[in-house]
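Summary of structural features
Read off the chains here:
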Amino acid sequence: GLNINLEFNVDLFDQQTIERFIHHYTELLKQMAAEPGRPLRSLSLVGQDDLYGLLDIDYEQVSQVFGLTPMQRDLYLDSLLHEGTCENGLGHTFEIHSELDGALWKESIQTVTDRYGALRTRIVRCDKPYAEIGYQCIEEQQPIMFEQRDLTDAGLDETGLRQYARDLVLQPYDFEQGSLVRH
């Protein structure tokens, strides 16, 4: 085992702060011992078990929590700086020239969403100075929100339909409130 003696100035630090420091230091040592070749930049002061409490998320609703990749972090920060923008959004529309079986379509999307956790991802912000700014939370499988719109009688010409679809697809996301994918 490893014994650590820690002396601190009680005028500068309270007991709770030092206990949190020791907990974080212990977490780092555990990660380093478990994977000696792991890059230092991939180590976290906060253990997986602590993340659920730190982020105030429910074990029953979230199956996994990950730190953001550098690209995800940049995109998330960009979305915080430029709220309401769609510059980092991606959407796709397509035309179907026959009758659509909405139930079958929903079932297919549900199957794919259940299989790939990334489609159930939401970003949870964290304001603690010793943690990352955000975490990727994979929600447990649940029924998808699916809305089918029939625009047959909307009176829109082809240009109007394309604009309607574009506006729908490019609505800004609220990363913290819902999954990254809308159906």
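The notes below deal with the structure included here. Predicted, not measured: the structure shown is a model, and the values here were computed from it. (Residues numbered from 1 in each chain as written. Predicted model: local features only at pLDDT ≥ 70, side-chain atom pairs only at ≥ 80, totals over all residues. Heavy atoms only, no water.)

Side note on the overall build of the chain
Operational definition: Numbering of helices and strands starts at the N terminus; helices are DSSP runs of H or I of at least 4 residues and strands are runs of E of at least 2. Exposure categories follow from relative accessible area, calculated using a 1.4 Å probe and restricted to protein chains: below 20% of the type maximum is buried, above 50% is exposed, and the middle band is partly exposed. Between two residues, a contact is recorded if the distance between any of their heavy atoms is within 4.5 Å. Working definition of accessibility: Shrake-Rupley area with a 1.4 Å probe, residue cover restricted to the visible protein chains.
In terms of helices and strands, the chain carries five helices and three strands. When its helices and strands are written in sequence order, the chain yields α-α-β-α-α-β-β-α. Counting only C-alpha atoms, the chain reaches 75 × 30 × 30 Å along its principal axes. Out of the 183 residues belonging to the chain, those deemed buried represent 21%. Here the analysis covers contacts within the chain between residues at least 6 apart in sequence; of these, 56% occur between residues at least 24 apart. For the chain, the accessible area works out to roughly 13800 Å², and carbon and sulfur atoms hold 51% of it.

Quick word on helix α3 (residues 70-81)
Since the α-helix turns once every 3.6 residues, residues separated by three or four places project in the same direction. How we decide: Helices are assigned an expected span. That span is 1.5 Å times one less than the residue count. To obtain the arc, one takes the directions from the helix axis to the C-beta atoms.
Here α3 contains 12 residues, and its C-alpha end-to-end distance of 16 Å stays within 8% of the 16 Å for a straight helix at 1.5 Å per residue. Tyr76, Asp78 and Ser79 are the residues of α3 that are buried. Here the buried residues of α3 occupy an arc of 160° about the axis, which is enough to place them on one side. More than 90 degrees from the buried face of α3, the exposed residues found are Pro70, Asp74 and Leu81. Contact partners of the buried residues in α3: β2 (121-125) and β3 (134-139).

Comments concerning the sheet that holds β3
Within a sheet, each strand pairs with its neighbour through backbone hydrogen bonds, oriented either parallel or antiparallel. Our working rule: What makes two strands pair is DSSP finding at least two bridges between them. Note on definitions: angles span 0 to 180 degrees between N-to-C directions of axes, and those axes are lines fitted to C-alpha atoms, for helices only across the stretch in contact.
With antiparallel pairing, three strands are arranged side by side in an open sheet as β1-β3-β2. Edge strands, defined here as strands with exactly one partner in the open sheet, are β1 (62-67) and β2. Ignoring which end each strand starts from, the neighbouring axes of this sheet average 30° apart. Packed onto the sheet, α3 meets β1, β2 and β3 and runs at close to 65° relative to β2.

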